[in-house]
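# Working through the structure, step by step
So you can see what is in the structure, the chains are spelled out below.
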Amino acid sequence: MHCPHCHTEVPPHFKFCGACGSSLALGHESPDAQRRQLTVMFCDLVGSTALAQQLDPEDLQVVLRDYQDACAAVIQQYDGYISRSLGDGLLVYFGYPRGQEDSAQRAVRAALGILAALPPLNVRLQHQFPTSNPQIQVRIGIHTGLVIIGEMGTTTFRDPMAIIGQTPNIAARLQTVATPNTIAIGDSTYQLIRGFFECRSLGTPPLKGITAPLAVYQVLHEHVARTRLDVAAAAGLTPLVNRHDELALLWDRWQQAKTGRGYVVCLQGESGIGKSRLVQALKGRVAQENALTLEFRCLPHHQNSALYPIIDLLQRRLQFDTAETPDEKLQRLAHAVQRFAPALHADIPLLAALLSLPLSDEAALLALNPQHTRQQTLSALISGLLSVATPQPVLLIGEDLHWMDPTTHELLSLLIESVATAPVLIVLNFRPEFTPLWPPPPHQTSCAVQRLTSSDAATMITGVAKGKALPFDVAQLVVNKTDGVPLFIEELTKMMLESGLLQEQHEHYALTAPLPPFAIPTTLQDSLLARLDRLAPVREVAQLGATLGREFSYTLIQSVSHVDEASLRRDLATLVEAELLYQRGTPPHSRYFFKHALIQETAYQSLLKSRRQEYHQRIAQVLQTEFPNTADLQPEMVAHHYTEAGLIAQAVPNWRKAGEQELARSANTEAINHLAKGLSLLATLPKTHENLRHELLLQTSLSLALGATKGFAAPEVEQSYARAHELCREVGETPQLFPVLWGLWAFYLVRADISTAREMSQHLLTLADSAHDATLQLEAHDALGTTLFCHGELSAARHHFEQSIALYDIRQHRALAFLYGGEDPGVICLAWVAIALGTLGYMEEGERRSREALVLAQELAYPFSQAEAHCLIAEFHWLRRETHLVEHHAAIAIAIAEEQGFPLWAASGSIFHGWARAEQGHTNEGVAQIQRALAQWRDTGARLLQPLFLCLLADAYRHQGQYREGLHAIEEALA
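Source: prediction; values computed, not measured. (Residues numbered from 1 in each chain as written. Predicted model: local features only at pLDDT ≥ 70, side-chain atom pairs only at ≥ 80, totals over all residues. Heavy atoms only, no water.)

Looking only at helices and strands, one finds 43 helices and 18 strands in the protein. Taken across its 975 residues, the protein has 53% of its residues classed as buried. Of all intrachain contacts in the protein linking residues separated by at least 6 positions in sequence, the fraction that spans at least 24 positions is 64%. Here the protein has roughly 44,300 Å² of accessible surface; of this, 52% comes from carbon and sulfur atoms. (Helix = DSSP H or I, 4+ residues; strand = E, 2+ residues; numbered from the N terminus. Buried < 20%, exposed > 50% of the residue type's maximum accessible area, 1.4 Å probe, protein only. Contact = heavy atoms within 4.5 Å. Areas by Shrake-Rupley, 256 points an atom, 1.4 Å probe, with all protein chains shown as cover.)

A word on the packing of aromatic side chains. The final tally for this structure, using the stated rule, is 16 aromatic pairs. Note on Tyr190 and Tyr217: the rings are 3.8 Å apart at their centroids and 10° apart in plane angle, and the pair reads as stacked. Within this pair, whereas Tyr190 is found in helix 6 (residues 187–193), its partner Tyr217 is found in strand 8 (residues 216–222), the two being separated by 27 residues in sequence. You'll find Tyr190 and Tyr217 in the same group, each marked buried. Chaining the aromatic ring pairs together yields one cluster made of Phe712, Phe738, Trp742, Trp745, Tyr820, Phe864, Phe902 and Trp905. (Phe/Tyr/Trp six-rings, centres within 6.5 Å; stacked < 30°, edge-to-face > 60°.)

Next up on the list: helix 29 (residues 689–710). The first and last C-alpha atoms of helix 29 sit 30 Å apart over 22 residues, in line with the 32 Å expected at 1.5 Å per residue. Counting buried positions along helix 29 gives 18 out of 22 residues, so the element sits mostly inside the fold. Positive backbone phi, at 100°, marks Gly711, one or two positions downstream of helix 29. (Expected span 1.5 Å × (residues − 1).)

This next bit is on the nonpolar core. In this structure, Leu425, Leu572, Trp745, Phe912 and Phe949 are the most contacted members of the largest nonpolar core, which totals 197 residues. Here this core gets eleven residues from one element, more than from any other, and that element is helix 36 (residues 825–840). Not counting chain neighbours up to four residues away, the residues in contact with Phe912 comprise Cys871, Ala874, Glu875, Trp878, Val886, Ala890, Leu948, Phe949 and Leu952. Among the nonpolar cores identified, the runner-up in size contains 47 residues, and Ile310, Val337, Ile426 and Phe430 belong to it. (Core = buried A, V, L, I, M, F, W, Y, C linked by side-chain atoms within 4.5 Å.)

Another point: the pattern of salt bridges. What the rule picks out here adds up to 44 salt bridges. Here Arg332 and Glu324 are joined by a salt bridge, their closest N and O atoms 2.6 Å apart. When its relative accessible area of 16% is taken as the criterion, Glu324 is described as buried. Where Arg569 meets Glu565, a salt bridge forms, and the shortest distance between an N and an O atom there is 2.9 Å. Residue Arg569 and its partner Glu565 are both found in helix 22 (residues 565–577); the two are separated by four residues, about one turn of the helix. The partly exposed category is assigned to Arg569, whose relative accessible area is 34%. Its relative accessible area of 37% is what places Glu565 among the partly exposed residues. Through salt bridges with shared partners, a single network forms among Arg798, Glu802, Glu845, Arg848, Arg849 and Glu852. (Salt bridge = Lys/Arg side-chain N within 4 Å of Asp/Glu carboxyl O.)

Another aspect to go through is the sheet that holds strand 11 (residues 394–399). Spatial ordering of the open sheet is given by 10-11-12-9-13, a layout of five strands whose pairing is parallel. The outermost strands of the open sheet, each flanked by one partner alone, are strand 10 (292–297) and strand 13 (444–448). Across the sheet, the mean angle from the axis of one strand to that of its neighbour is 15°, orientation sign disregarded. (Pairing = 2+ DSSP bridges. Axes fitted to C-alpha atoms, helices over the stretch in contact; angles between N-to-C directions.)

Glancing now at the sheet that holds strand 17 (residues 581–584). With antiparallel pairing, the three strands of this open sheet are ordered in space as 16-18-17. Two strands close off the open sheet at either side, each with one partner strand: strand 16 (551–553) and strand 17. Averaged over all pairs of adjacent strands, the angle between strand axes in this sheet comes to 25°, irrespective of strand direction. When strand 16 meets strand 18 (residues 591–594), the two strands line up antiparallel, connected through three bridges. Directly across from Ser553, in strand 18, lies its bridge partner Arg591.

Attention now goes to the pairing of strand 6 (residues 182–186). Among the five residues that make up strand 6, five are buried, leaving the element largely enclosed by the rest of the structure. What you see with strand 6 is no split at all: Thr182, Ala184 and Gly186 on one side and Ile183 and Ile185 on the other are buried throughout. With four bridges joining them, strand 3 (residues 139–142) and strand 6 adopt parallel strand pairing. Paired with Ile140 across the strands is Ile183, a residue of strand 6. In the sheet, strand 6 pairs with strand 8 via four bridges, with the strands oriented antiparallel.

Following both chains from N to C, one finds helix 32 (residues 754–771) and helix 33 (residues 774–790) inclined at 155°, their axes separated by 8 Å at the closest point. One way to sum up the angle between helix 32 and helix 33 is to call them roughly antiparallel. At the point where helix 32 passes helix 33, the crossing takes the left-handed sense. Contacts between helix 32 and helix 33 involve Ile754, Ala757, Arg758, Ser761, Gln762, Leu764, Leu765, Ala768, Asp769 and Ala771 from the former and Leu776, Gln777, Ala780, His781, Ala783, Leu784, Thr787, Leu788 and Cys790 from the latter. Tallied by class, residues from the contact of helix 32 with helix 33 come to twelve nonpolar, five polar and two charged. (Parallel < 35°, antiparallel > 145°, perpendicular 65-115°, else oblique. Left-handed = near helix turned anticlockwise from the far one by under 90°. Nonpolar A, V, L, I, M, F, W, Y, C, P; charged D, E, K, R; others polar.)

Here the bond from Pro587 into Pro588 is cis, since omega is 5°, no more than 30 degrees from zero. Within the secondary structure layout, Pro588 lies in the loop between strand 17 and strand 18. Phi at Leu307 takes a positive value of approximately 60°, unusual for a residue other than glycine. Tracing the sequence through the fold places Leu307 in the loop between strand 10 and helix 10 (308–317).

Below, the discussion takes up a nonpolar patch on the surface. On the surface, a nonpolar cluster with roughly 240 Å² of combined accessible area is contributed by Ile148, Ile164 and Leu608. Note on Ile148: relative accessible area 35%, which makes it partly exposed. (Patch = residues over 30% accessible without salt bridge, like charges linked within 9 Å, V, L, I, M, F, W, Y side chains within 5 Å.)

A word on the environment of Ala815. Locating Ala815 in the fold gives a position in the loop between helix 35 (810–813) and helix 36. Given the relative accessible area of 47%, Ala815 is considered partly exposed. Sequence spacing of Ala815 and Ala664 is 151 residues, and the spatial spacing of their C-alpha atoms is 8.9 Å.

This part covers the confidence of the model for the protein. For the protein, per-residue confidence averages 87 on the pLDDT scale, and residues scoring 70 or more make up 90% of the total. Overall, residues 18–23 carries pLDDT values under 50, and its contacts beyond four positions in sequence, including any with other chains, amount to 23 contacts. Contacts for the low-pLDDT stretch residues 25–29, under 50 throughout, to residues beyond four places or in other chains number ten contacts. (pLDDT = per-residue confidence, 0-100.)

Further remarks concern the packing of helix 8 (residues 244–257) against helix 9 (residues 275–286). For the pair helix 8 and helix 9, the least separation of the axes is 10 Å and the interaxial angle reads 45°. Between helix 8 and helix 9, the angle is such that the two are oblique. In this structure, the crossing between helix 8 and helix 9 has a hand that is right-handed. Contact residues: helix 8 offers Glu246, Leu247, Leu250, Trp251 and Trp254, while helix 9 offers Leu278, Ala281, Leu282, Arg285 and Val286.

The subject of this paragraph is the environment of Met637. For Met637, the location among the structural elements is in helix 26 (residues 635–644). Expressed as a C-alpha distance, the spacing of Met637 and Ile619, which sit 18 residues apart in the sequence, is 9.4 Å. Residues in contact with Met637, not counting those within four places in the same chain, are Leu623 and Thr630.

Rendered as structure tokens:
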């Protein structure tokens, strides 16, 4: 079947054309079938079977068509898309086929509009059937959510508008909950319209087929709130952050305007940047003065409604009531003109026509031609504004000019020319895509509102959280995702606060669970999708770019795109012009950046999963075949794309490679993330010999990274090394066995399980000797020497350290640190033997070895070895009571450890540093530092060296005169 109005093909069960909204005649059923169908529809609508049976099919059809046409007119006004008619019911989409920034509000306004359209229909119906008193009754259900819309069906008829998703089903169930002539909405819709409409909770009624409880609300009427800021003001606006210059400019122009020098200020900036918030702040200050504030707002669904913003402004200022008759409104208009602008008395007919009121002198108005009427109306509006500005200065605010209709645009151009010598300040805001028609006059100032810096964003986050700090990871996520756009910061912070993941404590919030995958707040989804949908012809390039990442090169997108080069360049230029992308350089040497992380997320999430996976697979393969250098240097990129493509077997080796590269750069946190990702993916694959080998390599590298970031004695380190040891047995003799056993030795040693550590270190030496491997021998001597030193066998320890040093060759062994917990055996053995020599009394020889350790550590520049070496050298100088050198080396160790995230050495360095400060007379500072650091040392699981550290604390107590506390520390050390 085809629509007779626009000729679009329509499925047989449709009663409306989805393209133009026109109601359609019933299909080609037999007369009896038509009669039965019409009767059922009429009964559903009016609730009277008896009346339906009395009426002719033609009468029934007239009633139904009047109703359907009334509904279609309202829906069309709010850009709703009538998908289908089922009996007397309608399925309508808002936000399709093009995204809208206020879809939920449009849907609710359309629903209220349908209810408002019923009384005239019922009057007509009752006039037609006075004895039956029929009443059209409707029930409306609204729900908001994501759906997939596309062509599906059989070969007989493929529905071009088939839907996949729960949203329409839930809306249908909500409609059954609604009582006659009411609107029921789901919680997701309520969250989007809250504050704009008065609603009443209906609890969580059972909904057929919906298992999870759903909060349901009844919409009562619209509020006076017109903007998000109006709604937010009721609960308290988020404080402005770093907008001092912009506010100072606005206030200065207002002060000048009050003297009779009119000004225009244009605030330009992207959506959510805070233009309206600046205006709100100015309004608040002006409200304290004897001034008149007038405000008009342009709306997206009235872009073609001539002078709609001005009509709306006049209706609000005149306080028109919907219950008033047209004559009463006309009297109100005449009274206002007489009071505020008597010179406009002759223009009342023009203003009345503008407000759709009955004319007092229609003949005089009709004598004017339409163009003349239009010009006269514009002149009357300008004269009216200048009249009210005579007794008091006027602040005129124009919001969202990017949605302004042409006639209002013309009026504003004329008005700006007229205010140069009037006490009027005009403040206009708009987005970058809007270009004013008027040339900027001398009394106009433009102000581009910029994004917030990262520190300003952090301040705003705390402000939204009412002064309480969010966990660092949460705050950092908000900063990274929002790119300094205040609206994004506010909404994402609110989403986090309402997520249930944060627990409010005295002065901060604490995470109660790991952060889940990021999701865009529902309050921003409509706005972001609308921006993307406005560029529908180039959306596919935007989606492909979003799949590549926040940043991508022209050469890469050209390689993975199926679009020809000329079209690709044109599409990218369109995205740059629309300010969705930034461009650096010119093709083919250009790079592109998404202006906002949330725009990238929106473009990416708008892809179907199958298309998303197809893109990721293509990108991963192109990276490996055409960009091998990039694939080698950034294996995490390849790993990510294979993961998202669902190709786990290809992803795992790349995650391991990425983790190993980060380990080599001492980027341990990043290494842990990559390696853990590889392990989690590997767990989904069958446990083949090859996959067990992959797991062993991943676990071994993960153990090293965890040892550096958590400390050797952390439970996670033991678990990781223990699993790696188990895998060594399952896979068979492997090169990983020795470093895995070394890792377990380090765990037991730092845990102060000296006996087990001694057994393991002797086993390591046995393995190394049996393999006749000098590299393994130097590591084994290092382990055994450290264990014997901690066991008090100093001469034997010195012997093993010297053995290890003799075997060490920097050219051959400089990479060993990446297999053995970040420790370079040459550096560590030199530092340990210095302490052993000093303890034995060979101070000069010990000092020589300590200098050699520092020179080697400086040459290798491995942060972990440097931090450990400076801690051990600080201990050597403590033996000699060289306080300033203890402080010097401890401070270096602390700086490296804190920068790199090595808690074990940060705590150790702080203990020696605290002792040195106490020795120098800063006793309170020194004691406090040792106490904090000792607690941090224990927090890592470490128990080794606690007797030594407690003695340092006792020594600091002695300097403080707290002998009792010092004796307690010594007793604890002895125990």
